[in-house]
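Examining the three-dimensional arrangement
So you can see what is in the structure, the chains are spelled out below.
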Number of protein chains: 2
Amino acid sequence: MKVVAFAGGVGGAKLADGLARCLSPHELTMVVNSGDDFVHFGLKICPDLDTVCYTLAGLANPETGWGRAGETWNTLSALRVLGAPTWFQLGDQDLATHLERTRRLSEGETLSEVTHSFCERWGIAHRVLPMTNEAVQTIVETEIGDLSFQEYFVKYRFEPAVRGFRFEGATRATPAPGVLEAIAACDVVIFCPSNPWVSIDPILAIPAIRQAILRARVIAVSPIVGGKALKGPAAKMFAEIGIPPSAQAVALHYGSLLKGFILDRVDAEEEMEIRSLGLRTLVTDTVMKTIADRQRLAQEILTFVQAEFLS
Amino acid sequence: MKVVAFAGGVGGAKLADGLARCLSPHELTMVVNSGDDFVHFGLKICPDLDTVCYTLAGLANPETGWGRAGETWNTLSALRVLGAPTWFQLGDQDLATHLERTRRLSEGETLSEVTHSFCERWGIAHRVLPMTNEAVQTIVETEIGDLSFQEYFVKYRFEPAVRGFRFEGATRATPAPGVLEAIAACDVVIFCPSNPWVSIDPILAIPAIRQAILRARVIAVSPIVGGKALKGPAAKMFAEIGIPPSAQAVALHYGSLLKGFILDRVDAEEEMEIRSLGLRTLVTDTVMKTIADRQRLAQEILTFVQAEFLS
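Below you will find a few notes about this structure. Here the structure is a predicted model, which means the values were calculated and not measured.

1. Let's talk about the overall build of chain A
Tallying secondary structure elements over chain A gives 13 helices and 14 strands in all. Here chain A has a C-alpha radius of gyration of 19 Å; the compact-globule value for 311 residues is 19 Å, and the two agree. Principal axes of the C-alpha set define a box for chain A whose edges measure 60 × 45 × 40 Å. Counting every position in chain A, which comprises 311 residues, the buried fraction comes to 53%. Across chain A, every contact between residues at least 6 apart in sequence was considered, and the portion connecting residues at least 24 apart equals 67%.

2. Some words on helix α11 (residues 247–254) of chain B
All names here are of chain B. By the criterion of burial, α11 is predominantly enclosed, with 6 of the 8 residues buried. Of all the residues in α11, the buried ones are Ala 247, Gln 248, Ala 249, Val 250, Ala 251 and Tyr 254. Directly after α11, the chain includes Gly 255, whose backbone phi takes a positive value near 55°.

3. Topic: the interface of chain A and chain B
Each partner contributes residues to the interface: chain A has 23 residues there, and chain B has 23 residues. Elements with a contribution of two residues or more to the side of chain A that touches chain B: α3 (74–81), α4 (92–106) and α5 (111–122) of chain A. A class-by-class count of the residues in the side of chain A that touches chain B yields 11 nonpolar, 8 polar and 4 charged.

4. A few points about the relation of the copies chain A and chain B
Aligned on chain B, chain A shows an RMSD of 0.0 Å; the corresponding rotation is 180° and the shift along the axis is 0.0 Å. Here the symmetry operator amounts to a two-fold rotation axis.

5. Considering the sheet that holds strand β8 (residues 162–168) of chain B
All names here are of chain B. A sheet is described by the order of its strands in space; here 3 strands give the open sequence β7-β6-β8, paired in antiparallel fashion. Among the strands making up the open sheet, the edge pair consists of β7 (145–148) and β8. On average, each strand axis in the sheet is inclined to that of its neighbour by 25°, with strand direction left out of account. Across 6 bridges, strand β6 (residues 137–142) lies against β8 in antiparallel orientation. Residue pairing across strands places Gln 137 opposite Glu 168, the latter belonging to β8. Helix-sheet contacts for helix α8 (residues 196–204) involve β6 and β8, and the interaxial angle to β8 is about 25°.

6. With respect to unusual backbone geometry
The phi torsion of most residues other than glycine is negative, and most of the peptide bonds are trans. The phi angle at A:Phe158 is positive, at roughly 40°, despite the residue not being glycine. Residue classification places A:Phe158 among the buried residues on the basis of 20 C-beta atoms within 10 Å. Phi at B:Phe41 is positive, roughly 55°, even though this residue is not glycine. Here B:Phe41 shows up in the loop between β3 (38–40) and β4 (43–45). For B:Phe41, a count of 27 C-beta atoms within 10 Å puts it in the buried group.

7. Notes on the sheet that holds strand β6 (residues 137–142) of chain A
All names here are of chain A. Across the sheet, which stays open at both edges, the 3 strands sit in the order β7-β6-β8 with antiparallel pairing between neighbours. Each edge of the open sheet is held by one strand with a lone partner, namely β7 (145–148) and β8 (162–168). Here the strands of the sheet are splayed against their neighbours by 25° on average, with no regard to which way each runs. Here β6 pairs with β7 via 4 bridges, running antiparallel. Residue pairing for β7: Glu 141 is matched across the bridge by Asp 146. Contacts from helix α8 (residues 196–204) reach β6 and β8 within the one sheet, and its direction differs from that of β8 by about 25°.

8. Description of the packing of helix α1 (residues 10–22) of chain A against helix α2 (residues 47–57) of chain A
Residues and elements named next belong to chain A. Contact pair α1 / α2: the axes reach a minimum separation of 9 Å and the direction vectors enclose 40°. The two elements α1 and α2 meet at a crossing, and its hand is right-handed. Between α1, through Val 10, Ala 13, Lys 14, Ala 16, Asp 17 and Ala 20, and α2, the contact on the second element is made entirely by Thr 51, Val 52, Thr 55 and Leu 56.

9. Thoughts on the environment of A:Thr72
Along the polypeptide, A:Thr72 turns up in the loop between α2 and α3. In this structure, the C-alpha to C-alpha distance between A:Thr72 and A:Gly91, residues 19 residues apart in sequence, is 5.8 Å. Here A:Thr72 is in contact with A:Gly91, A:Asp92, B:Thr72 and B:Asn74, once residues within four sequence places are set aside.

10. Considering the pairing of β6(B)
When a strand is regular, its side chains alternate between the sheet's two faces. Side-chain alternation along β6(B) places B:Thr138, B:Val140 and B:Thr142 on a buried face and B:Gln137, B:Ile139 and B:Glu141 on a face that remains uncovered. The turn joining β6(B) and β7(B), which pair antiparallel and follow one another in sequence, is formed by 2 residues.

11. Brief notes about the packing of α1(A) against helix α13 (residues 291–310) of chain A
Residues and elements named next belong to chain A. Contact geometry of α1 with α13 gives a least axis separation of 7 Å together with a crossing angle of 70°. In terms of orientation, α1 and α13 fall into the roughly perpendicular class. Across the interface between the two elements, Lys 14, Leu 15, Asp 17, Gly 18, Leu 19, Arg 21 and Cys 22 of α1 pack against Arg 294, Gln 295, Leu 297, Ala 298, Gln 299 and Leu 302 of α13. Residues of the contact of α1 with α13, tallied by class, amount to 6 nonpolar, 3 polar and 4 charged.

What counts as what
Residues numbered from 1 in each chain as written. Chains lettered and ligands numbered in written order. Predicted model: local features only at pLDDT ≥ 70, side-chain atom pairs only at ≥ 80, totals over all residues. Helix = DSSP H or I, 4+ residues; strand = E, 2+ residues; numbered from the N terminus. Rg over C-alpha atoms; globule rule 2.2 N^0.38 Å. Buried ≥ 20, exposed ≤ 12 C-beta atoms within 10 Å, placed from the backbone. Contact = placed C-beta atoms within 7 Å. Nonpolar A, V, L, I, M, F, W, Y, C, P; charged D, E, K, R; others polar. Least-squares fit on C-alpha atoms with pLDDT ≥ 70 in both. Pairing = 2+ DSSP bridges. Axes fitted to C-alpha atoms, helices over the stretch in contact; angles between N-to-C directions. Left-handed = near helix turned anticlockwise from the far one by under 90°. Parallel < 35°, antiparallel > 145°, perpendicular 65-115°, else oblique.

Read these as geometric descriptors, not functional statements.
This is the structure in structure tokens:
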């Protein structure tokens, strides 16, 4: 089965890892949000790409889901002495990723090329693509004004109430090489359990990707379980936009793009209403606490796709 | 006594520290070579400024003379995994200096302002000035072609034979604020035991500094002891330029700029010839192995200046 997975941060990275445990490298392509990317201390930082790659490489911190296992913080401590901004947690090992990415980009490599090279170095055989090699910036429109995603997420700890979102540069952006080909050739596109507003929507805001998605078979895994996000501000964002957060709300958010939807057992009572939208559904345990959970959920999703769409 | 010290790397930093132990903050200004500065991974690195500041702050690695005490190398290890260039030793704590300097420069602060702020944070009360806030680049002309100083020094371990030097940008550069005022107001300018070719000459290559120096009382401490440099390529450079390395060769190099010269006891037999150039001389132990050595040498130099020139 040929699969394309759209992913943002921690939840998306976990399912991407589960899929990579079930599918061969030529069966799976990950397309990762780059709307959160930003420049800090002159360094290009790609939080979602890094989370996905560290997770696939087995380098991720199992406690936090982001950053690296066994990370040290000696640079950050020395920055604090200098009175430097330390709101973004720059780990010593993580810094190497930002430094080398910045160096290669400045020498003219694309973000795709750098990512491919890093994956090789880290032993990741499956294909990880940024959504685009061009600049797209997620802006969170809040009660205290427009904030870049990292400011909103890290500096302000997603406290300001959200009024809307925009993805600067998206309408002019072209997909990274391989993205459209992978979508055209796949059996299914899976929207991983990532934040719909700020992880998946930025990818869909690139016109050529949206066009390709309209011709593809797409399913989504709800990042909302029991009315809450497992991590991050997804549920809070739904509420502030005026929509009670639920699995159904996620299904409605993606609307007619979807053919299938995976929701958690705790939300089983929403299944009929989601089916009434014309979607095939899978109700299962979607919370991935262990690596075995990732693999099991991925396999259930692939079996669901096979049974419902490919048989 | 008002003193201005010109300094480059490790030897210069040690004497600067000795002088700071003998003089109050309003009596001493350090002017530091910035011709070695370079950009690596997008970060502005100022090796001589950092060596001088780390030494004055008591943060320097006592084993190497450069870098920081208790340094860790976790970023560098992670860079190695990525196949990144690791010829320049980027320590985790040292990185914070480069990161915050780069950030502040990109926000419009000058190198002087950044250096002043870092000194405050590190508890350095004496004034440390870069020679200029503008770009001056030391190019070492070698048998294998022109090399930037860091390439020559670190990447090629100063192996290629030297044919000459040039200081790109120097003739257009203006001194950092305070440099000319400090020289005009001082009783003596001391050329620390730094490399004449690549530490002191770049400072003198700035026309306004050279003009000011011509009107000042200048003394130099020989970085050549027993025909050898204590550290680095100074002796090798003299030889490759065609001049047998010696204390006398250093005195001749600076020529008529000097009024006095400090040489090591092991070179005492050169004293008469140096005096015949019209210079007052001090023969003493110039090798600074301990912090007490730095303070003792500095005090002997100040006593020599007082006795020979100010009494």
